[in-house]
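# Close look at the chain arrangement
Listed here are the chains, written in short residue letters.
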Amino acid sequence: MTRQLRALLIGMLGPALQAAGVAWDLLEHGVFARSEIGQLTLQHIVTGPAHLLMATGLALSAICIPIALQVATASPEELARPDEIVSDAELAGELRTVEAAK
Amino acid sequence: MLTIEVGDVLEAAGRLPMHGDTTGGALPGHPFFGAGFLFVGSLMVVELLAGSVWSRAYWRRMLWPGALLTAGAGMLIVSYVQPGSKSLHLTLAMLLLLGGYTEGQYRLGKISRASADAFAIPVLIVGGFVIGPMHATGNLMSSTLAQTHLLVGVVAWMLAGVKLMRVRFGPTLALEYSFASGVMMLGLSLLLVQQFHGAH
């Protein structure tokens, strides 16, 4: 996966959650429970799943945008996870052993 | 130009009626735990995408155990505040706190992944039973609330399954993504529970 694609996915995760929250809220109040729109309670505003989904997406965007920028400017070595590097090295070592045995 | 006074907004919010529902007036726990797990699961996906860039900050590396410990402390508060299901909430709190401790020990390099998983897998299975079949009140065939509670339990068992596959086949990127997405799903399933809790 290219670093641009990684950065894009990281940056878009929060907005995607917010969009899902908006869709959930529109479905709830626009389709499934249209009559309840006039009877909103404070508890519904604070604990409504769609609202919390939007809030989660917003918080995620705030944290992830700097990380997306760091990823976009990182080298390929930095983007590999430490265990991936270890397993790649192990794999290379095993291949060398097989080739030496031939 | 539209201007919104913060005081007016707070006053308007204060005028809204509070809902008396199944939690005896206290705020329900499911949506906040759901949002928390969704948040942390999303960050676990970001951790996998970001590679070593994620580990540049120490707090990011300790996020997962920290989240589990915070969830455990939150569950302790829930078991104290909410009048019903105290023993179930207390059991979940203990499982979350112990899970957070072992994950923290692993991330600090004090125990191996296998040791942490040896604890995490039974905890996820037991936790799935506690939050699923044991916590689901009502008829499983007809009550949506009971079914959504069961869904949370099933997701916890799925997470245990992913961990078991990790033990069997070793760490792969696909399994890591599956676990992170599973934690996101756990959060979404808890939000679904709230949707059908009858609080609005």
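Thresholds applied
Per chain, residues are indexed from 1 in the order of the written sequence. As they are written, the chains are lettered A onward and the ligands numbered 1 onward, keeping that order. Only residues with pLDDT of at least 70 get local features here, since the model is predicted, and only at 80 or more are side-chain atom pairs given and counted; chain-wide, interface and lining totals rely on the full set of residues. Every helix listed is a DSSP run of H or I at least four residues long, and every strand listed is a run of E at least two residues long, numbered separately from the N terminus. Three classes are used. A residue is buried when 20 or more other C-beta atoms lie within 10 Å of its own, exposed when 12 or fewer do, and partly exposed in between, with C-beta atoms placed from the backbone. Any residue pair is listed as a contact if its two C-beta atoms, each placed from the backbone, are within 7 Å. Only C-alpha atoms enter the line fits that serve as axes; for helices the fit covers just the stretch in contact. Angles between N-to-C directions range over 0 to 180 degrees. For classification purposes, angles smaller than 35 degrees are called roughly parallel, those larger than 145 roughly antiparallel, those between 65 and 115 roughly perpendicular, and all remaining angles oblique. Helix crossings fall into two classes, left-handed where the near helix is turned counterclockwise from the far one by less than a right angle and right-handed where it is turned clockwise. Classification convention: Asp, Glu, Lys, Arg as charged; Ala, Val, Leu, Ile, Met, Phe, Trp, Tyr, Cys, Pro as nonpolar; all other residues, Gly among them, as polar. One nonpolar core equals one set of buried Ala, Val, Leu, Ile, Met, Phe, Trp, Tyr and Cys residues connected by C-beta atoms within 7 Å. Under the convention used throughout, the expected extent of a helix is 1.5 Å for every residue step, that is, one less than its residue count. What is called the bend at a residue is the angle between a pair of axes, fitted to the seven residues leading up to and ending at it and to the seven starting from it. Note: the arc covers the axis-to-C-beta directions of the helix. One confidence number per residue, pLDDT, is output by the predictor and ranges from 0 to 100.

## Considering the overall build of chain A
Summing up its helical and strand segments, chain A has five helices and zero strands in all. Taken across its 102 residues, chain A has 24% of its residues classed as buried. Taking all contacts inside chain A whose residues are at least 6 apart in sequence as the whole, residues at least 24 apart take part in 92%.

## Section: the packing of helix α2 (residues 30-50) of chain B against helix α8 (residues 173-195) of chain B
To characterise two packed helices, one gives the angle between the axes of the helices and the distance between these axes. Residue and element names in this part refer to chain B. Between α2 and α8, the least distance of the axes is 7 Å, while the angle of their chain directions is 160°. With respect to α8, the axis of α2 lies roughly antiparallel. As for how α2 packs across α8, the hand of that crossing is left-handed. Residues belonging to the contact of α2 with α8 are distributed by class as follows: 18 nonpolar, eight polar and one charged.

## What to know about the nonpolar core
Core analysis: the largest hydrophobic core is formed by 63 residues, its most contacted members being I10(A) and L186(B). Contributing elements (two or more residues each) for this core: α1 (3-32) and α3 (49-72) of chain A together with α2, α4 (63-81), α5 (86-107), α6 (113-134), α7 (144-169) and α8 of chain B. Dropping the residues within four chain positions of it, L186(B) is found in contact with F37(B), G41(B), V152(B), V155(B), A156(B) and L159(B).

## Quick look at α1(A)
The end-to-end C-alpha distance of α1(A), which contains 30 residues, comes to 41 Å, matching closely the 44 Å that a straight helix rising 1.5 Å per residue would cover. If you look at α1(A), its biggest bend is around 35°, right at L13(A), and the proline P15(A) turns up within four residues after that. Listing the buried residues of α1(A) in full gives R6(A), A7(A), I10(A), G11(A), L13(A), G14(A), L17(A) and G21(A). Turning to α1(A), the residues buried within the fold contact α3 and α4 (76-79) of chain A together with α2 of chain B.

## Some words on α6(B)
In an α-helix, one full turn covers 3.6 residues, which means residues spaced three or four apart are oriented alike. Residue and element names in this part refer to chain B. Counted at 1.5 Å a residue, the expected span for α6 with its 22 residues is 32 Å, and the 30 Å between its end C-alpha atoms agrees. Turning to α6, its buried residues number three or more, namely A116, A120, L124, G127, G128, V130, I131 and G132. The arc that holds the buried residues of α6, viewed along the axis, is 165°, so those residues lie on one side. Seen from the buried face of α6, the exposed residues on the opposite side, beyond 90 degrees, are A114 and P122. Residues of α6 that are buried in the fold lie against α5 and α7.

## Brief notes about the packing of α2(B) against α4(B)
Residues and elements named next belong to chain B. At a closest axis distance of 10 Å, the pairing of α2 and α4 adopts a crossing angle of 175°. Classified by the angle between their axes, α2 and α4 sit roughly antiparallel to one another. Across the interface between the two elements, F33, G36, V40, L43 and M44 of α2 pack against L63, W64, A67, A71 and G74 of α4. Taken together, the residues that form the contact of α2 with α4 break down as eight nonpolar, two polar and no charged.

## Points about the environment of V46(B)
Assignment of secondary structure puts V46(B) in helix α2. Assessed through the 25 C-beta atoms surrounding it within 10 Å, V46(B) is described here as buried. Taking the C-alpha atoms as reference, V46(B) lies 9.8 Å from Y177(B); in sequence the two are 131 residues apart. The residues contacting V46(B), other than those within four sequence positions of it, are I10(A), L13(A), C64(A) and I67(A).

## Some thoughts on the confidence of the model for chain A
All names here are of chain A. Chain-level pLDDT for chain A is 80 on average; 75% of the residues reach the 70-or-more range. At the level of individual helices and strands, chain A shows its lowest average pLDDT in helix α5 (residues 82-101), which scores 53, and its highest in α3, which scores 92. Across residues 85-92 the pLDDT falls below 50, and counting only partners more than four positions away or on other chains, this stretch makes one contact in the model.

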